[in-house]
Amino acid sequence: MSPETTGKLIKPHGGVLVDRCGERPADVESLEHVTLSSKELADLEMIANGALSPLEGFMGRETYESVVESMRLPDSLPWALPVCLSVDTAPSGDRVALADESGRLFAVLEVEELFDYDKEREAERCFRTTDAAHPGVAVVYAQRAHYLAGRVTVFERQAPPFPELARDPAETRAIFAERGWKRVVGFQTRNPIHRAHEYLTKVALETVDGLLIHPLVGDTKADDVPTEVRVECYRRLLEGYYPLDRVLISAFPAAMRYAGPREAIWHAICRKNYGCSHFIVGRDHAGVGDYYGTYDAQLIFDEFAPHELDIEPMMFEHSFWCTKCGSMASTKSCPHGAEDRVFLSGTKVREMLAAGDVPPVEFTRPEVAEVLIEAYRR
Ligand SMILES: [Zn+2]
């Protein structure tokens with residue numbers, strides 16, 4: 001990447017793209033091992049590749065408190081969610097090795113501090129609920145009792161679930177620069193893309209140079225559509241309906257928190273690190289059940305001055321096919337009533353797919369429906 005081309009892209013959060021990849025220390029086997037949960041492993045991966053810039057490790061107490069209380073890092077840079085490593089006991093040495101459940105080692109953490117945290121307070125502040133039925137809160141409640149903080153050096157990268165979609169922020173930035181894109185809109189998704197979201201991404205694309213379709217491939221809740229099925233849906237949709245020289249699809253390795261508004265901010269900041277200047281925020285972004293108000297994930301952006309986040313949120317209403325307009329539209333742009341709109345509830349769509357029925361073309365592309373029906377048959 002020449003500075004001339006990359007200079008046109010948005011700067012990473014905090015100004016510098018973090019790279020915490022490094023050499024495997026000779027003594028790593030002799031260090032005390034800490035086993036990470038799948039969420040913590042996903043965070044580790046994103047610290048390593050700079051997706052969580054400016055973070056260089058798992059948060060210490062001051063940073064954690066500042067983020068939980070005021071959605072800012074101690075230097076006042078916006079940051080919406082804790083990125084922490086939970087442990088049962090204090091390690092004995094000043095460095096620990098970070099492992100997955102199988103005992104495979106990925107990184108070394110320089111121990112800075114061990115601190116206690118209040119799970120209910122974290123839940124209340126970050127998730128706006130202490131309800132253990134909330135999937136993100138349940139993950140916090142299942143964590144170990146203390147947080148272990150420190151800078152990490154990752155010497156072995158985790159095997160990506162979809163190698164052909166695995167791109168670090170430096171790589172997506174290089175592709176954007178190569179294609180001459182300056183203004184790039186990021187689209188976060190954990191669902192198959194039906195016509196409504198296809199419409200949002202294309203409306204957004206009309207105003208910028210390129211579109212990053214950035215499906216989350218880390219942990220999701222059990223009743224979400226499995227990632228490999230979604231990825232096949234994205235492939236088929238892109239092949240048939242998107243201009244491939246204006247769109248890049250790439251995996252976002254994060255675990256889903258379902259923290260609604262705060263996660264919308266966090267998602268936007270991460271995409272800024274991947275080189276996106278704009279970010280699509282729909283209604284109830286990263287929400288679950290009825291824990292969040294319809295517009296909470298959009299309104300939370302007003303808590304920051306625009307220059308603070310730098311990345312520009314693009315807010316959207318629900319969209320649908322309107323038979324009177326004869327096009328996709330939204331409640332913002334269509335004056336007609338509910339009776340003119342092709343609307344199917346999530347439950348109805350699942351019932352149709354499970355029965356092998358293809359939903360109307362105004363709701364989903366037949367190629368996407370085909371993949372989903374096939375998945376339901378298995
Ligand atoms: Zn209409």
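For the structure itself, look to the data block above.
Residues numbered from 1 in each chain as written. Predicted model: local features only at pLDDT ≥ 70, side-chain atom pairs only at ≥ 80, totals over all residues. Heavy atoms only, no water.

Q: Looking at this structure, I do not really get empty space enclosed by the protein. What am I missing?
A: Counting across every chain of the model gives two cavities of 30 Å³ or more. Approximately 30 Å³ is the volume found for the second largest cavity. What lines the second largest cavity is simply Lys 39, Pro 82, Cys 84, Glu 122, Gln 143 and Tyr 147. Here the lining of the second largest cavity is built from residues that sort into three nonpolar, one polar and two charged. (1 Å grid on protein atoms, 1.4 Å probe; cavity = no way out; pocket = protein on both sides within 12 Å on 5 of 7 lines; lining within 4 Å. Points joined across faces, edges and corners; volume = space filled by probe spheres on them. Nonpolar A, V, L, I, M, F, W, Y, C, P; charged D, E, K, R; others polar.)

Q: How should I be thinking about the state of the cysteines in this particular structure?
A: One covalent bond between the sulfur atoms of two cysteine residues makes up a disulfide. Summed over the entire model, instances satisfying the criterion amount to zero disulfides. Counting only cysteine sulfurs, Cys 84 is the nearest neighbor of Cys 126, a cysteine outside any disulfide, at a range of 9.1 Å. (Disulfide = S-S within 2.5 Å.)

Q: How should I be thinking about the environment of Leu 114 in this particular structure?
A: Here Leu 114 is to be found in strand E5 (residues 105–116). Look at Leu 114 and you get partly exposed, because its relative accessible area is 32%. With 69 residues separating them in the primary sequence, Leu 114 and Arg 183 have C-alpha atoms 41 Å apart. Sequence-distant contacts of Leu 114, that is, excluding residues within four places in its chain, are made with Val 87, Thr 89, Ala 90, His 146, Tyr 147 and Leu 148. (Helix = DSSP H or I, 4+ residues; strand = E, 2+ residues; numbered from the N terminus. Buried < 20%, exposed > 50% of the residue type's maximum accessible area, 1.4 Å probe, protein only. Contact = heavy atoms within 4.5 Å.)

Q: Sorry, what's going on with the packing of aromatic side chains here?
A: Centre distance and the angle of the planes are the two values used to describe a pair of aromatic rings. Throughout the structure, instances matching the rule amount to eight aromatic pairs. Between Tyr 64 and Phe 115, the aromatic rings sit 5.6 Å apart at their centres with planes inclined by 50°, giving tilted as the arrangement. On the criterion of sequence distance, the pair formed by Tyr 64 in helix H3 (residues 61–70) and Phe 115 in strand E5 is long-range, its members being 51 residues apart. For the pair shown, Tyr 64 and Phe 115 are each scored as buried. On the numbers, 6.1 Å between centres and 75° between planes, the contact of Phe 252 with Tyr 274 is edge-to-face. (Phe/Tyr/Trp six-rings, centres within 6.5 Å; stacked < 30°, edge-to-face > 60°.)

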